[in-house]
Amino acid sequence: GLHTAEAVRKGSDYGGYGVHVAARIGAESGRHEILASMEVLQAARSRYPVSEPREMRLKGVTEPVSVVSIHAA
């Protein structure tokens, strides 16, 4: 799962709300699927086609998150 947000370094690991959201997005992806939040899509210039955005309710996240599936060749 891909998401862009601030992360906090904790020793050799990273944490914080954005890392939590990325992990939840990844957990929702299907086999051989890459899911990305709309924040990633808006920040990056993707050369890959993407699905129509869809709203997801993620555990521990109060607001729905809009995600797309990236169609890598």
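It should be noted that the structure appears before, not after, this text.
All values derive from a computational prediction rather than experimental measurement. (Residues numbered from 1 in each chain as written. Predicted model: local features only at pLDDT ≥ 70, side-chain atom pairs only at ≥ 80, totals over all residues. Heavy atoms only, no water.)

Caption draft 1: Fine view of the sheet that holds strand β3 (residues 34-37). Read across the open sheet, the 3 strands follow the order β3-β5-β4; overall the sheet is antiparallel. Two strands bound the open sheet, and with one partner strand each, they are β3 and β4 (54-56). Neighbour-to-neighbour, the strand axes of the sheet open up by a mean angle of 50°, direction not taken into account. Bridge count for β4 against strand β5 (residues 65-70) is 3 bridges, and the pairing is antiparallel. Across the sheet, the residue bridging to Glu55 is Ser66, located in β5. In this fold helix α1 (residues 17-28) packs onto β3, β4 and β5, with an angle of close to 145° to the strand it touches most, β3. (Pairing = 2+ DSSP bridges. Helix = DSSP H or I, 4+ residues; strand = E, 2+ residues; numbered from the N terminus. Axes fitted to C-alpha atoms, helices over the stretch in contact; angles between N-to-C directions. Contact = heavy atoms within 4.5 Å.)

Caption draft 2: Just unusual backbone geometry, in detail. Even without being glycine, His32 reaches a positive phi, approximately 65°. With respect to the element layout, His32 can be found in the loop between α1 and β3.

Caption draft 3: Local environment of the pattern of salt bridges. Tallied over the full model, the rule gives 1 salt bridge. The shortest N-O distance in the salt bridge between Arg54 and Glu33 comes to 3.4 Å. With a gap of 21 residues between them, Arg54 in strand β4 and Glu33 in the loop between α1 and β3 connect regions that are remote in the sequence. (Salt bridge = Lys/Arg side-chain N within 4 Å of Asp/Glu carboxyl O.)

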